[in-house]
Amino acid sequence: MDYDSRTCSTVRAVVALSLVLALLGVHRLIPRRAVVSTSAATAGGAASSSSRLPTLPITPVSPPFVRAFYINADGSSRRRDFMETQLRQAGVRFERWRALPGTPALLQTHRAYFDRGVEAHLFVNHSVASGVIEKWGTVSTYLSHHTLFEHIVRVWGANSSSSFLILQDDTQLKRNWLQMLSQELRLVNPDWARLLLVWWGLARKQACNGHFCVVKPPAGPTEKGPECCGKRFYHGLQAWLVRIRSLRCLLRRLKRRHIKNIDAQMVQCNCPRTYALEKNRMIGRHLDKELGSERASANKVWKQQLLNKRAHVRTRNYTRPAR
């Protein structure tokens, strides 16, 4: 083979090798670019999905109270589960306080409390002279709360500034209720003693500032004056925060007043530095329509028994305390 032939063969070999290397390079680049493109598309899709469905995690906060109590009757397991699910999700320490059954047996088991007297509207025909209490649901609600107040003061009374959350078992709390409460507490008088968080009835607008209302009697139903008639103010104990010193005040002043609807009677006690969140800032709502009123149900049962001729009690079940 002459020189020219060898040169041509060499050139052809070099060209062929270059083509092979070029093809190999392209082959390697294709999947690499595809992977990068796929990853970018995935990231872009995730970002797009994230922008469509933003996640708003709740920042954990420390509860501004020692513990929560919810009041619940033995037979109300549905309400018990409902309340405990909410409180566990919030990560707060809580206890169930057993609601007392609304029956005349309370005259024996809690006799001492009846020495303060019973409001006339809880009797048959709204008359103490009848000697027959018919609204035992209202009486049991009063005593269930009162005995809880005594328990808290007895166990934690060493620190008058300690605060407790008290709930009824028909209260639905908002998802971020604990964060809402912490924010609102920054705006209220730091020396607050009792704070209504979920309640019903009317507010006195002249006593409100956009966040809180100052709670003062009369609670109503009003009977005379410029607020007449039948108006109710700051009723309901669905959710409220209270300090030991306010519980002591309530226990002293309740002792001087008749047994009646305890939410109204507590407003009438007029303990200092009592506030209520304005309606649009409440941390939950009252499920009275969805769950019904156990107090009203108990009252209805006893009223029906008294209306029934066979069950009508003509002997007195209550003796008016001597004054």
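Residues numbered from 1 in each chain as written. Predicted model: local features only at pLDDT ≥ 70, side-chain atom pairs only at ≥ 80, totals over all residues. Heavy atoms only, no water.

A. How the structure looks around unusual backbone geometry. Going from P217 to P218, the amide bond is cis rather than trans, its omega being 5°. Of note, P218 is situated in the loop between β6 (212-214) and β7 (235-243). Here the amide bond leading from C228 into C229 is cis, since omega sits at 5°, within 30 degrees of zero. Residue position: C229 is located in the loop between β6 and β7. Notably, H126 is not glycine yet its phi reads approximately 55°, a positive angle. On the basis of relative accessible area, H126 is assigned to the partly exposed category, the value being 49%. One non-glycine residue with positive phi stands out, namely Y234, at about 55°. With respect to the helices and strands, the residue Y234 is situated in the loop between β6 and β7. (Helix = DSSP H or I, 4+ residues; strand = E, 2+ residues; numbered from the N terminus. Buried < 20%, exposed > 50% of the residue type's maximum accessible area, 1.4 Å probe, protein only.)

B. How the structure looks around the pairing of strand β5 (residues 194-200). Of all seven residues that make up β5, six are buried, and the element is covered over most of its length. Note: β5 against β7, five bridges, orientation antiparallel. Each residue of the ladder has a partner; that of R194, found in β7, is V242. Inspection of the sheet shows β5 paired to strand β8 (residues 274-277) by three bridges, in the parallel sense. (Pairing = 2+ DSSP bridges.)

C. Highlighting the nonpolar core. Core analysis: the biggest nonpolar cluster contains 77 residues, and F114 and Y234 have the highest contact counts within it. With nine residues, the top contributor of residues to this core is helix α4 (residues 136-156). Leaving out residues up to four positions away in the same chain, F114 has contacts with L106, L107, I133, W136, V139, L143, I259, Y318 and P321. (Core = buried A, V, L, I, M, F, W, Y, C linked by side-chain atoms within 4.5 Å. Contact = heavy atoms within 4.5 Å.)

D. How the structure looks around empty space enclosed by the protein. Summed over the entire model, instances satisfying the criterion amount to one cavity of 30 Å³ or more. Its boundaries defined by the atoms lining it, the largest cavity holds a volume of some 50 Å³. Taken together, R194, V215, K216, P217, L250, M266, V267, N270, C271 and T274 make up the lining of the largest cavity. Split into classes, the residues belonging to the lining of the largest cavity amount to six nonpolar, two polar and two charged. (1 Å grid on protein atoms, 1.4 Å probe; cavity = no way out; pocket = protein on both sides within 12 Å on 5 of 7 lines; lining within 4 Å. Points joined across faces, edges and corners; volume = space filled by probe spheres on them. Nonpolar A, V, L, I, M, F, W, Y, C, P; charged D, E, K, R; others polar.)

E. Local environment of the pattern of salt bridges. Here the structure, examined in full by the defined rule, presents nine salt bridges. Measuring nitrogen to oxygen at the nearest pair gives 2.3 Å for the salt bridge that ties R67 to E95. A residue pair is termed long-range when its members are at least 10 positions apart, and R67 in the loop between α1 (3-52) and β1 (68-72) and E95 in strand β2 (residues 94-98) qualify at 28 residues. Note on R67: relative accessible area 15%, which makes it buried. Residue E95 is classed as partly exposed on the basis of its relative accessible area of 27%. Here D191 makes a salt bridge to R273, at a shortest N to O gap of 3.2 Å. With a gap of 82 residues between them, D191 in the loop between α5 (177-185) and β5 and R273 in the loop between α7 (262-269) and β8 connect regions that are remote in the sequence. You can call D191 partly exposed: its relative accessible area is 37%. Classification of R273 as partly exposed rests on a relative accessible area of 32%. (Salt bridge = Lys/Arg side-chain N within 4 Å of Asp/Glu carboxyl O.)

F. Representation of the packing of aromatic side chains within the structure. Throughout the structure, instances matching the rule amount to eight aromatic pairs. For the ring pair F69 and W156, a centre distance of 6.0 Å and an interplane angle of 70° mean the geometry is edge-to-face. Taken together, the positions of F69 in strand β1 and W156 in helix α4 put the pair 87 residues apart, joining distant regions of the chain. Ring centres of F69 and F164 lie 6.5 Å apart, and the angle between their planes is 40°; on these two criteria the pair is classed as tilted. In this pair, F69 sits in strand β1 while F164 sits in strand β3 (residues 163-168), placing the two residues 95 residues apart along the sequence. Overall, the relative accessible area of 0% leaves F164 in the buried class. Every member of this aromatic cluster is reached through a ring pair, and the members are F69, W156 and F164. The positively charged end of R204 is found above the aromatic ring belonging to F233, 3.8 Å away from the centroid. Here the basic side chain of R243 rests over the ring of W192, its NZ or CZ set 4.1 Å away from the ring centre. (Phe/Tyr/Trp six-rings, centres within 6.5 Å; stacked < 30°, edge-to-face > 60°. Lys NZ or Arg CZ within 6 Å of the ring centre and 35° of its normal.)

G. Molecular detail of helix α2 (residues 77-90). Between its terminal C-alpha atoms α2 stretches 20 Å, which fits the 20 Å expected from 14 residues at 1.5 Å a residue. Taken together, the buried positions of α2 are R79, M83, E84, Q86 and L87. The arc that holds the buried residues of α2, viewed along the axis, is 160°, so those residues lie on one side. Exposed positions of α2 whose direction lies more than 90 degrees from the buried face are R78, R88 and Q89. Immediately downstream of α2, the backbone of G91 shows phi near 75°, a positive value. (Expected span 1.5 Å × (residues − 1). Arc of directions from axis to C-beta.)

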